[in-house]
Structures are given as C-alpha cells and as structure tokens.
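Chain by chain, the residues run as shown.
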Amino acid sequence: MLMVDCENLVKIYKTIDLEVLALQGLDLSVEQGELMAIIGNSGSGKSTLLNMLGGLDRPSAGRLIVDEHDLLTMSDREIIDYKRETVGFVWQNNARNLIPYLTALENVEMPLMLCAEQNRRERALELLDMVGLSERKGNRLQQLSGGEQQRVAIAIALANRPRLLLADEPTGSVDSRTAAMILDLFRTLNRDTGITIIIVTHDRQLSRKVDRVVAIRDGKTSSEFLRNQSYAEELAGLASLEEAGHVQEPGQTIERDSHTEVLVMDRAARVQIPKEYLDSLGITNRDRLLAERDGDRIVLRPYRKPVPGVSAEPKGGPDNG
C-alpha cells in the first residue's frame, strides 16, 4: 500500500499584491516502509511539500493522501489528530525540537504527556536507547554535541509512534561524520520498525543511505534515483568507485543492477539521460537531440541543422546515437 500519494499537487502562496507558485503539479508516490530522500535547490518546493505532508500547511489544489488521510478535505480538528497520531517531525534547527533547560530524558517525556502515555518514563528510556543515548539521559542540551542533540530530536519525533517520519535537513548543522551516523540511525529505525521515512536535504551523499532519491525542480518532480543493490553491496561498490576517483551522482533517472541501466520515465513522459552518455557523444545541455523510432527502439542522436545538398545522416546510420 502507498503511504503517500500526491497527484498534480499545487501550492500557491498569496500576499496583497503577489502570488508565489511553490508547487505546480507535483506527482509523488511513497510506499509504506520506504526510506527515501527528496533533494532540490533552495526554492524548488521540497520544504513546502514536507510541510504539507506534516499537516503544517494545506494544498491549494490536486490530491494529497497520506496513510489514507485526505489532507485536502480534512477539518482543522482532524488535522490536529493527524499530526498527533500519524506523523513525527525532525527539524534542522534544534531550537524547534528541544527545550534547552530540560535534560535529554525530560525532553523526550514532554510529547508523551500529550500522547497520554501511561508509562512515560519507561517509554522515554526506550526511545533514548533506540537512538543510542541511554547513558546521556541526564544531560542538558549544552552538555550534548550537535549530533547527540539531533538524536534526542529523533527520539522525540518517535514518541507518538508515528507511521510517517519527516526530517527537514536533519544533517544540515553537523559535520560529515556525524551526518553519516544520523543517516545510519534513520536506516536502522526504518529496518527495525518498518516506519516510512522521508528526508528533505541538500546532501547528495544520501543516495548511499536511502532506497530512493527524488529530485524536485521548479515545484515538480524532475527525476529519481533508485537503489537496487543491497546496502552492503552498495558500500563495497562505492568504496571501489571512490578509490578510482569517481562517485555516482544521485538525481539521475537511472535504475541500476549488475547488468543494465534503465531510464525511469515520469508521468509527464520525461527522462533524464545519464551525463556520461551525453559526454561520450559531445552533447551539452544546450544542444538539441533528434528522436527517431527504429522498430521497437527510440534512437536519440545529436541534431544537426540540414545543409542543402548534404545528407543529415551521420556515418554509420542512426545507431551512432
């Protein structure tokens, strides 16, 4: 079953004399139990999407179903219940996650009061153990590192036993080593609990840790990268690539296995051609391509403006493309 189903999603922000189109027909499907990341430049619409998935903002048009809840038609009371029972949120800014004068344990206990948890202390200790901070339960925020504070924030987000965990730039304020530890924690939580996790980030290294990376550009889904290998196989492969000085960039519409590369086409029939393919033909992103049908194949090749009296067919025929 789908945890998230977005179709033709639109979000318009209005002021007195200005309208900003943050999302313009975005399509996205997320399966239950999936661990995925959404990447995109500033202003691409990824944070707007996350806020709507979390019930913090309303869509202007389209369809947005999360765990069988229609967020376009829900009442304000239903939205409050949805936020309490269905989703957990991890923010980049720890000031939004944590209360500085409380200990790690007390911070985790706070949302449990709203959940009417019977054994708050036991549940809070369980959550701190889950994120590897049992020994730091009595420490206040100034006694915790940035990575430890973020792990406390993750424990808080899990307090209401959400079915969907949303993380907005969770590694944005920590170093690369700590970021890797946090991402490993998300992966462990996803594997052990089956919770669906969606991470919004600028960090393109996430492709090593998640099952799918979706890129958003100009308020629309532009491409995605699927991981078909096991995590252990991928780590071994990435190690050899790094030694050779090459790391695969995420965001390309490629599904890879050991034998083939498959372009993934979105609902608007768009594909993103691997950069190395274009480089091998000397094609830049400003060049035109000629698409021709050849039996059961579609052949792409550089477009050259015909010269009168000269054949446009390159030597070797269309298979050159």
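Our subject is the structure listed above.
Residues numbered from 1 in each chain as written. Predicted model: local features only at pLDDT ≥ 70, side-chain atom pairs only at ≥ 80, totals over all residues. Heavy atoms only, no water.

Undergrad: Can you help me understand helix α4 (residues 120–130) in this one?
TA: Since there are 3.6 residues in each turn of an α-helix, residues three or four apart along the chain are aligned in direction. Taken together, the buried positions of α4 are Arg-123, Ala-124, Leu-127 and Leu-128. One face of α4 carries all of its buried residues, which in axial projection span an arc of 135 degrees. Exposed side chains of α4 directed beyond 90 degrees from the buried face belong to Glu-122 and Asp-129. Here the buried face of α4 lies against α3 (104–114) and α5 (146–157). Positive phi appears at Gly-132, one or two residues downstream of α4, with a value of about 75 degrees. (Buried < 20%, exposed > 50% of the residue type's maximum accessible area, 1.4 Å probe, protein only. Helix = DSSP H or I, 4+ residues; strand = E, 2+ residues; numbered from the N terminus. Arc of directions from axis to C-beta. Contact = heavy atoms within 4.5 Å.)

Undergrad: Explain the sheet that holds strand β4 (residues 61–66) here, please?
TA: Strand order in the open sheet formed by four strands is β2-β1-β4-β5, with antiparallel pairing between adjacent strands. Edge positions in the sheet fall to β2 (19–31) and β5 (69–70), since each has one partner strand and no second. Relative to β5, β4 runs antiparallel, the two sharing two bridges. Along β5, the bridge assignment pairs Val-66 with His-69. In this fold helix α1 (residues 46–53) packs onto β1 (2–14), β2 and β4, with an angle of close to 115 degrees to the strand it touches most, β1. (Pairing = 2+ DSSP bridges. Axes fitted to C-alpha atoms, helices over the stretch in contact; angles between N-to-C directions.)

Undergrad: How do you make sense of the packing of α3 against α4 when you look at a structure like this?
TA: Packed helices, taken two at a time, are described by their axes: the angle between them and the distance between them. Remark: α3 packs on α4, axes separated minimally by 9 Å, with the N-to-C direction vectors making an angle of 120 degrees. The pairing of α3 with α4 is recorded here as oblique in orientation. Between α3 and α4 lies a crossing whose hand is right-handed. Contact residues: Ala-104, Leu-105, Val-108, Glu-109, Leu-112 and Met-113 in α3; Arg-120, Arg-121, Arg-123, Ala-124, Leu-125, Leu-127 and Leu-128 in α4. A per-class count over the contact of α3 with α4 returns nine nonpolar, no polar and four charged. (Parallel < 35°, antiparallel > 145°, perpendicular 65-115°, else oblique. Left-handed = near helix turned anticlockwise from the far one by under 90°. Nonpolar A, V, L, I, M, F, W, Y, C, P; charged D, E, K, R; others polar.)

Undergrad: Which parts of the structure should I look at to understand the packing of aromatic side chains?
TA: Two aromatic rings are characterised by how far apart their centres lie and by the angle between their planes. Applying the stated criterion to the full structure yields one aromatic pair. Between Phe-89 and Trp-91, the aromatic rings sit 4.3 Å apart at their centres with planes inclined by 5 degrees, giving stacked as the arrangement. We classify Trp-91 as buried; its relative accessible area is 12%. In this structure, Lys-11 is placed above the aromatic ring of Tyr-13, and the distance from its NZ or CZ to the ring centre is 5.0 Å. (Phe/Tyr/Trp six-rings, centres within 6.5 Å; stacked < 30°, edge-to-face > 60°. Lys NZ or Arg CZ within 6 Å of the ring centre and 35° of its normal.)

Undergrad: Explain α5 to me, please; I cannot follow it from the model alone.
TA: Compared with an ideal rise of 1.5 Å per residue, which puts 12 residues at 16 Å, α5 spans 17 Å between its outermost C-alpha atoms and is within 8% of the ideal. By the burial criterion, the buried members of α5 are Gly-147, Glu-148, Gln-149, Gln-150, Arg-151, Val-152, Ala-153, Ile-154, Ala-155, Ile-156 and Ala-157. (Expected span 1.5 Å × (residues − 1).)

Undergrad: For this particular structure, what's the right way to read the pairing of β1?
TA: It is a general feature of regular strands that their side chains alternate between the two faces of the sheet. The sheet contact formed by β1 and β2 spans 10 bridges and is antiparallel. What sits directly across from Ile-12, in β2, is Leu-21. The turn joining β1 and β2, which pair antiparallel and follow one another in sequence, is formed by four residues. Pairing geometry for β1 and β4, over five bridges, is antiparallel. Directly across from Cys-6, in β4, lies its bridge partner Leu-64.

Undergrad: Please clarify how the nonpolar core should be interpreted in this entry.
TA: Nonpolar side chains tend toward joint burial in soluble globular proteins. If you look at the biggest cluster of nonpolar residues, it comprises 39 residues, and the most contacted ones within it are Val-108, Val-152, Ile-154, Leu-165 and Phe-186. At the level of elements, β3 (35–39), α3, α4, α5, β7 (164–168), α6 (176–193), β8 (196–201) and β9 (212–217) are the ones that each hand at least two residues to this core. Beyond its immediate stretch of four places on either side in the chain, Leu-165 contacts Gly-88, Phe-89, Val-90, Ala-157, Leu-158, Phe-186, Ile-195, Thr-196, Ile-197 and Ile-198. (Core = buried A, V, L, I, M, F, W, Y, C linked by side-chain atoms within 4.5 Å.)

Undergrad: For this particular structure, what's the right way to read the pairing of strand β6 (residues 87–90)?
TA: Burial along β6 is two-sided: the residues Val-87 and Phe-89 and Gly-88 and Val-90 are all buried. Bridging between β6 and β7 involves four bridges; their strand directions are parallel. From the neighbouring strand, Val-87 faces β7, where its bridge partner is Leu-164.

Undergrad: Would you mind showing me how to read a nonpolar patch on the surface here?
TA: Together, Tyr-13, Leu-18 and Val-20 make up an exposed nonpolar region whose accessible area comes to about 260 Å². Looking at the secondary structure, you find Leu-18 in the loop between β1 and β2. (Patch = residues over 30% accessible without salt bridge, like charges linked within 9 Å, V, L, I, M, F, W, Y side chains within 5 Å. Areas by Shrake-Rupley, 256 points an atom, 1.4 Å probe, with all protein chains shown as cover. Salt bridge = Lys/Arg side-chain N within 4 Å of Asp/Glu carboxyl O.)

Undergrad: I keep staring at the side chain of Lys-46 and nothing clicks. Help me out?
TA: Position of Lys-46 relative to the elements: it lies in helix α1. One buried charged side chain, Lys-46, makes no salt bridge at all; its nearest oppositely charged neighbour is Glu-169, positioned 4.6 Å away. (Lys, Arg positive; Asp, Glu negative; His and termini not counted.)

Undergrad: What am I meant to see in the packing of α3 against α5 here?
TA: Put simply, α3 and α5 touch, their axes get as near as 8 Å, and they point 25 degrees apart. Judged by the inter-axis angle, α3 sits roughly parallel to α5. When you trace α3 past α5, the crossing you get is right-handed. Residues Ala-104, Asn-107, Val-108 and Pro-111 of α3 form the contact with α5, whose participating residues are Val-152, Ala-155 and Ile-156. Across the contact of α3 with α5, the residue classes break down as six nonpolar, one polar and no charged.

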